[in-house]
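What follows is the residue order along each chain.
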Amino acid sequence: MCGIVGYIGPREAEEFLVAGLRRLEYRGYDSAGVATISPEGALTVAKTRGRIERLAAQLEETPTPGQVGIGHTRWATHGQATDENAHPHLGGSGTLALVHNGVIENFQSLKRRLEGDGYQFHSETDTEVIAHLIDSQLAGQSAVDDMADAHYQPLVEAVQTALAQLQGTYGLVVLFHQWPEVLIAARSGSPLIVGVGSGEHFIASDASPLAGYTDKIVYLADHELAVVTADNLRVVHRDEGHVTHDIHVLDFESGDVDLGDYDHYMLKEIFEQPESLTNAMRGRFDFDAATAKFGGLTLSPQQLRSVQRLLLTACGTSWHAALVGEYQLESLARLPVEVEYASELRYRNPPIQSDTLLFAITQSGETADTLAAMREVKRKGHPVLAINNVVGSTIAHEADGGIYLRAGPEIGVASTKAFTSQCTVLAMLGLYFGRLHHLSFSAGMRIIAELQELPDKVRRALQTNDEVRRIARKYADCDNFLYLGRQANFPTALEGALKLKEISYIHAEGYPAAEMKHGPIALVDRHTPSVFLMPQGHVYDKVMANLQEIKARNGPVIAVICEGDMEASKLADDVIEVPAVEEFLQPIITSIPLQLLAYHIAVARGCDIDRPRNLAKSVTVE
Ligand code: AGP
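Residues numbered from 1 in each chain as written. Predicted model: local features only at pLDDT ≥ 70, side-chain atom pairs only at ≥ 80, totals over all residues. Heavy atoms only, no water.

### Structural notes on helix α2 (residues 52-61)
Move 1: Those residues of α2 that fall on the buried side of the exposure criterion are I52, L55, A56 and L59. With its buried residues spanning 100° around the axis, α2 presents them on a single face. Looking at α2, the residues exposed on the side facing more than 90 degrees away from the buried face are E60 and E61.
Move 2: Looking at the buried positions of α2, the neighbouring elements they touch are α1 (13-24), β2 (31-37), β3 (43-49) and β4 (68-74). (Buried < 20%, exposed > 50% of the residue type's maximum accessible area, 1.4 Å probe, protein only. Helix = DSSP H or I, 4+ residues; strand = E, 2+ residues; numbered from the N terminus. Arc of directions from axis to C-beta. Contact = heavy atoms within 4.5 Å.)

Structure representation (structure tokens):
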């Protein structure tokens, strides 16, 4: 879950390395480091615990010169967030430097063997094992007269021999002290791409560092290794040898990844939702057939018509979107839907009926548990499709097809616009399957009309920002929150609680409102606010009754209600009014004030909004 970068070409490498790590910092921010080789041949390593800014300040004082280098920002898996455990790690006595994203499961046994061979370890990391392992394969290579003529094949073999001994996942880049004209990058399980420039190459964990440098990228697949010089890129597969590589065009600019006038990426992405929802729907309605259309649904209408059961799997916020999808798909398509935590599904081995279609829902497309659950269901012969936001991600690559969210880069660790886009795409899937089954033409057109009004209604919900900020400051000192909703607003309550937990570190729980009486109501007191999601709908009166149960125990109530709802306004301590929408779209509208509430409470508590403690944007380890 770390971020790694590499550069080779005519520029000073440090400039791209530091800028790239800043863009990748959402992948982990426990420590950071770079290594370069100067024109004079000096291998320089600079690394420190903490944020990129701390490293940048260090480099201001002691730059790392050179036109080749590697860099890393860390999410600690093995060993504390210390200077010693920061990457890059050196192999042997400094024959190479290496940065790594992933987890090596058999590192202890390899470490014991290498210590037996006389290697000294300077860190607690699994990564240092790889550096020494490659060093142990390098012995004798220095005698190679012209490594370039040999296309660096001896180095490739040394790296491949070392990698063959690893169990686990990696995306890594190796910088060789004796051969500064080449970098070797390799992937198995962790994402890695190469940016192709003219007379230069860039390596990164994802595309965000490349915006503004090049728009030509090569996605490395598992078990592929890239031999990268300033002028050349060669891709070698572990088993198949040399492979041709496709160059893709980056689908976003640096403006998409820059903060602009916002204080935080999370706030920027909250306010981007009218556009991201418009993008999610653009060109995806078939007005002649009153249905939705998706270019990436690679199964034929006949195959999709024969689907009798949907299985949705995901993690975190995406799992909450899947729960919303369950309500939407069952109500619009009348198809039975099961929602599974991916981390459970990958090992639970449930009986899956033959006419089941799996959707893996994931913003990043790299979440290890979701990838593994999808692979497991695919291995059993079921069709698997992905709902994903990152073009070319591993899950998008391995699924049989899918739907891109088109929400643009989501950099804030707390997911916001991806959630509402996921719920919108799931509603459109409900329309698609509904029209394949029982939904009439006019019903289809009504649903399309409701969906098309969504961006404007979200824009109106965003206008509650000032009111939400006032409410947030009122409750910012509370240490426990309850989020309550019914039907499709129950998963939204879960999502609201997760947002608050993630960025303000306040304990919060989401519940179906009627569940309170069965225990959680014991938590209610003057200092524990309950956030009620109660837009108009077929369970409104039931939720109102639940609200009165809380008021009867002096629990403060913040209610998200439809504009003009006077009844709830009289009862709740604070209300946030949002535009009315059809019930299957309510989670998209009611989640907006919940995102803003979490954001403003976290700001009031002085929390690091975009880099919340202990978290990372994409969980690529199990
Ligand atoms: C949400 O704010 C978190 N960042 C996290 O729960 C996230 O949703 C989860 O890790 C799944 O990520 P994915 O959608 O990229 O697969």
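### A look at the packing of helix α8 (residues 273-281) against helix α15 (residues 441-462)
Move 1: Contact geometry of α8 with α15 gives a least axis separation of 8 Å together with a crossing angle of 170°. Taken together, the axis directions place α8 and α15 in an arrangement best described as roughly antiparallel. Mapping the contact onto sequence places Q273, P274, E275, L277, T278 and M281 in α8 and L451, Q452, L454, P455, V458, R459 and L462 in α15.
Move 2: Classifying every residue of the contact of α8 with α15 by side-chain character gives eight nonpolar, three polar and two charged. (Axes fitted to C-alpha atoms, helices over the stretch in contact; angles between N-to-C directions. Parallel < 35°, antiparallel > 145°, perpendicular 65-115°, else oblique. Nonpolar A, V, L, I, M, F, W, Y, C, P; charged D, E, K, R; others polar.)

### Here we look at the nonpolar core
Move 1: Ranked by size, the top nonpolar core spans 94 residues in total, and within it F359, L429, F433, F481 and Y483 carry the most contacts.
Move 2: Top element by residues in this core is helix α14 (residues 417-436). It accounts for 12 residues.
Move 3: If we ignore the near neighbours within four places in the chain, the residues touching Y483 are A493, G496, A497, L500, A508, E509, G510, Y511, V531, L594 and L597. (Core = buried A, V, L, I, M, F, W, Y, C linked by side-chain atoms within 4.5 Å.)

### Some thoughts on the sheet that holds strand β7 (residues 170-176)
Across a sheet, paired strands are connected by hydrogen bonds in the backbone, their directions being either parallel or antiparallel.
Move 1: On the basis of which strands lie adjacent, the open sheet formed by seven strands has the order β5-β6-β7-β8-β12-β13-β14 and antiparallel pairing. The sheet terminates laterally at β5 (89-91) and β14 (241-243), the two strands that pair on one side only. The mean angle between the axes of side-by-side strands here comes to 30°, regardless of whether they run parallel or antiparallel.
Move 2: Here β5 runs beside strand β6 (residues 96-101); their pairing, made up of three bridges, is antiparallel. Bridging from a neighbouring strand, G91 pairs with L96 of β6.
Move 3: Sitting on the sheet, helix α4 (residues 127-138) is in contact with β5, β6 and β7, with an inclination near 140° to β6.
Move 4: Lying over the sheet, helix α5 (residues 153-163) contacts β7, β8 (183-188), β12 (224-228) and β13 (233-237), oriented at roughly 150° with respect to β12. (Pairing = 2+ DSSP bridges.)

### Comments concerning the packing of aromatic side chains
Move 1: Counted according to the given criterion, the structure contains 11 aromatic pairs.
Move 2: The interplanar angle of 45° and the centroid separation of 6.2 Å between the aromatic rings of Y7 and F16 together place this pair among those described as tilted.
Move 3: With relative accessibility at 0%, the residue F16 sits in the buried group.
Move 4: Seen from their ring centres, Y7 and F202 are 5.4 Å apart, and the 50° between their planes marks the pair as tilted. Here Y7, found in strand β1 (residues 3-8), pairs with F202, found in strand β10 (residues 201-204); they are 195 residues apart in sequence, far enough to count as distant. The same class applies to Y7 as to F202, namely buried.
Move 5: Each residue in the set Y7, F16, F202 and Y213 is aromatic and connected to the rest through ring pairs, giving one cluster.
Move 6: Sitting over the face of the ring of Y29, R51 holds its NZ or CZ atom 5.9 Å from the ring centroid.
Move 7: The ring of Y505 carries R613 above its face, with NZ or CZ at 4.0 Å from the centroid. (Phe/Tyr/Trp six-rings, centres within 6.5 Å; stacked < 30°, edge-to-face > 60°. Lys NZ or Arg CZ within 6 Å of the ring centre and 35° of its normal.)

### Observations concerning the site of the ligand
Move 1: Close contacts around the ligand come from 14 residues, with S318, T362, Q363, S364 and T367 the closest.
Move 2: Interatomic distance of 3.0 Å between a backbone N/O atom of T317 and an oxygen atom of the ligand.
Move 3: Here an oxygen atom of the ligand sits 2.7 Å away from a polar atom, N or O, in the side chain of T362.
Move 4: Here the ligand has 410 Å² of accessible area as a free molecule, and 91% of this is covered by the chains.
Move 5: Secondary structure elements with two or more residues in the shell around the ligand: α10 (316-333) and α17 (489-504).
Move 6: In terms of residue count, α10 provides more of the shell around the ligand than any other element does, three residues in total.
Move 7: Grouping the amino acids of the shell around the ligand by side-chain chemistry returns four nonpolar, eight polar and two charged. (Near = heavy atom within 4 Å. Polar contact = N/O pair within 3.5 Å; in protein donor to acceptor, adjacent residues only side chain to side chain. Areas by Shrake-Rupley, 256 points an atom, 1.4 Å probe, with all protein chains shown as cover.)

### Description of α10
Move 1: In a regular helix each residue adds 1.5 Å, so 18 residues correspond to 26 Å; α10 covers 25 Å between its end C-alpha atoms and thus fits that length.
Move 2: Of all 18 residues in α10, 13 are buried, a share of seventy percent or more.
Move 3: Looking at the residues trailing α10, positive phi occurs at R334, about 50°. (Expected span 1.5 Å × (residues − 1).)

### A few points about the sheet that holds strand β19 (residues 337-341)
Move 1: Taken in spatial order, the five strands line up as β19-β18-β20-β21-β22 in an open sheet, and their pairing is parallel. Two strands bound the open sheet, and with one partner strand each, they are β19 and β22 (401-404). Looking at each pair of strands side by side, their axes are set apart by 20° on average, direction ignored.
Move 2: In this structure, strand β20 (residues 356-362) lies alongside strand β21 (residues 384-388), joined through five bridges in parallel fashion. Note on β21: the bridge partner recorded for T362 is N388.
Move 3: This element, α10, spans β18 (309-314), β19 and β20 of the sheet and lies at about 175° to β19.
Move 4: Of the strands in this sheet, β18, β20, β21 and β22 are in contact with α14, which crosses β20 at around 160°.

### Points about the environment of Y505
Move 1: Within the secondary structure layout, Y505 lies in the loop between α17 and β24 (507-512).
Move 2: Taking C-alpha positions, Y505 is 8.6 Å from R613, a pair spaced 108 residues apart along the chain.
Move 3: If we skip the residues at most four places from it in the chain, Y505 touches L500, C607, D608, P612 and R613.

### Some remarks on the environment of T127
Move 1: When you line up the elements, T127 lands in helix α4.
Move 2: When the C-alpha atoms of T127 and E61 are compared, they prove to be 28 Å apart, with 66 residues separating the residues in sequence.
Move 3: In contact with T127, not counting residues within four places along its chain, are H87, H89, L98 and H100.

### Observations concerning the pairing of β24
Move 1: In terms of strand pairing, strand β23 (residues 480-485) meets β24 through six bridges, oriented parallel. The partner of L482 across the bridge, within β24, is E509.
Move 2: Considered for its hand, the β-α-β crossover made up of β23, α17 and β24 is right-handed. (Right-handed = clockwise from strand over helix to strand, strands pointing away.)

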